[in-house]
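Okay, here's what each chain looks like letter by letter:
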Amino acid sequence: MEQVIKESDHTKRYLIIPSGGSGVRMGAELPKQYIKLGGKTILQHTVEAMLPHTDFIILGVSYDYWVVIEDAIQRMRLADRIQLSVAGKTRFDTVRKALRTVPDGTLVGIHDAVRPFASKAVVDKCYEEAQRVGAAVPVLQLSESLRYHPDEGAGAQPSQAVDRSRYRLVRTPQVFWSERIKEAYQQPYQESFTDDCSVYDQLYSDLALVPDTTENIKITTPDQLYWAEHLLTTSRQERLRLTQRLLSSR
Ligand SMILES: C[C@](O)(CO)[C@H](O)COP(=O)(O)O
């Protein structure tokens, strides 16, 4: 008999962190998730930040870093809640492989290895909203103007201003009913799949947008390392206090 999965079944929280990327945009010798900030790799910061909000974490790791990561995990608290899965050649392959280990009828988030600053409130809200509607993603409103830039080349149209209020920047963790995103990841890869929602969109339209905080940056380029170091060395309370002081200064 076919198993019927209800909305209320989606309570267990899985999280996949694809960590097989090479990080060419950072221009460092190591992939960006293995750069150290405050004595720990960015990946370790991300795992430590996400563990309290999830039941199981699956790290998609390439064979080159397998032993090092396994060793780092052994020394972490709650190591039994983390498992490794072999990374593929692309992010899409890595997520597809890791999804094989996730049971149906659960919630599964997919989160960038280089986003260690997702807030507790936003992560919880993404899992809660995904449980309710099927999928949820943190997004940020734009505070700068936006232009549409058509393809270059002969006969190209000029660039155009667009209405920024209709657009959102898309962040992670992106959370789904596991059976839905597993089904979506059965599709062949397309270039338009820049994140997991774009894979999900092909089959489903139920997706909640959760307002994100600006701090949940993806550490991609060298200048973002400064921000990351600052965010890691000050607590949220300290930053709020400083902001209040600056706002009230004359
Ligand atoms: C998933 C993502 O962070 C959403 O904004 C983004 O698409 C990842 O991009 P990358 O080029 O794979 O780092």
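Residues numbered from 1 in each chain as written. Predicted model: local features only at pLDDT ≥ 70, side-chain atom pairs only at ≥ 80, totals over all residues. Heavy atoms only, no water.

By the naming in an unreviewed UniProt entry, the chain is Putative 2-C-methyl-D-erythritol 4-phosphate cytidylyltransferase, taken from Porphyromonas uenonis 60-3.

(A) How the structure looks around the overall build of the chain. The secondary structure content of the chain amounts to eight helices and 12 strands. Seen along its three principal axes, the alpha-carbon backbone of the chain occupies a region of about 65 × 50 × 40 Å. Counting over 250 residues, the chain shows a buried share of 46%. Of the contacts made within the chain by residues no fewer than 6 positions apart, 72% connect residues no fewer than 24 positions apart. Taken as a whole, the chain presents about 14500 Å² of accessible surface, with 51% of it coming from carbon and sulfur. Taken as two groups, the 32 positive and 32 negative side-chain charges of the chain have centres that lie 5 Å from each other. (Helix = DSSP H or I, 4+ residues; strand = E, 2+ residues; numbered from the N terminus. Buried < 20%, exposed > 50% of the residue type's maximum accessible area, 1.4 Å probe, protein only. Contact = heavy atoms within 4.5 Å. Areas by Shrake-Rupley, 256 points an atom, 1.4 Å probe, with all protein chains shown as cover. Lys, Arg positive; Asp, Glu negative; His and termini not counted. Charge placed at Lys NZ, Arg CZ, Asp CG, Glu CD.)

(B) Spotlight on the site of the ligand. Taken together, nine residues are adjacent to the ligand, and Asp-112, Arg-115, Val-170, Thr-194 and Lys-218 come closest. Between Arg-115 and the ligand, the recorded distance is 2.9 Å, taken from a side-chain N or O atom to an oxygen atom. Take Lys-218: an N or O atom from its side chain is 2.8 Å from an oxygen atom of the ligand. In the complex, the protein chains occlude 73% of the 360 Å² of accessible area that the ligand would expose alone. When its residues are assigned to classes, the shell around the ligand shows one nonpolar, two polar and six charged. (Near = heavy atom within 4 Å. Polar contact = N/O pair within 3.5 Å; in protein donor to acceptor, adjacent residues only side chain to side chain. Nonpolar A, V, L, I, M, F, W, Y, C, P; charged D, E, K, R; others polar.)

(C) How the structure looks around the layout of surface pockets. Computed from the structure, the second largest pocket encloses a volume of approximately 440 Å³. If you trace the second largest pocket, you find 15 residues lining it, with Leu-140, Leu-169, Arg-171, Ile-217 and Gln-224 closest to the centre. The set of elements that each furnish at least two residues to the lining of the second largest pocket consists of β7 (135-141) and β10 (168-170). Residue classes in the lining of the second largest pocket are distributed as five nonpolar, six polar and four charged. (1 Å grid on protein atoms, 1.4 Å probe; cavity = no way out; pocket = protein on both sides within 12 Å on 5 of 7 lines; lining within 4 Å. Points joined across faces, edges and corners; volume = space filled by probe spheres on them.)

(D) The arrangement of unusual backbone geometry in detail. With an omega dihedral of 15°, the bond running from Thr-172 to Pro-173 counts as a cis peptide bond. Residue placement: Pro-173 occurs in the loop between β10 and β11 (174-177). Even without glycine at this site, Leu-78 takes up a positive phi of about 65°. Judged by its relative accessible area of 30%, Leu-78 falls in the partly exposed class.

(E) View of the packing of aromatic side chains. Inspection of the entire model under this criterion finds nine aromatic pairs. When the centroid spacing of 6.2 Å and the interplanar angle of 80° are considered together, the rings of Tyr-189 and Phe-193 count as edge-to-face. Using a relative accessible area of 7% as the deciding quantity, one classes Phe-193 as buried. An aromatic cluster is defined as three or more aromatic residues linked by ring pairs; in this entry it consists of Phe-92, Tyr-185, Tyr-189 and Phe-193. (Phe/Tyr/Trp six-rings, centres within 6.5 Å; stacked < 30°, edge-to-face > 60°.)

(F) How the structure looks around the confidence of the model for the chain. Looking at the chain as a whole, its pLDDT mean stands at 92, while 96% of the residues score no less than 70. With a pTM of 0.92, the predicted complex shows an ipTM of 0.97. (pLDDT = per-residue confidence, 0-100.)

(G) Structural detail: the nonpolar core. Counting residues in hydrophobic clusters, the biggest one holds 30 residues, and the most contacted among them are Ile-17, Leu-43, Val-47, Ile-57, Leu-59 and Ile-69. Where this core is concerned, the elements lending two or more residues are β1 (13-18), α1 (42-50), β4 (56-61), α2 (63-74), β5 (82-86), α4 (120-133), β11 and β12 (208-211). Among the elements that take part in this core, α4 stands out by supplying five residues, more than any other. Apart from the residues within four sequence positions on either side, Val-47 is in contact with Ile-17, Ile-57, Leu-59, Met-76 and Ile-82. (Core = buried A, V, L, I, M, F, W, Y, C linked by side-chain atoms within 4.5 Å.)

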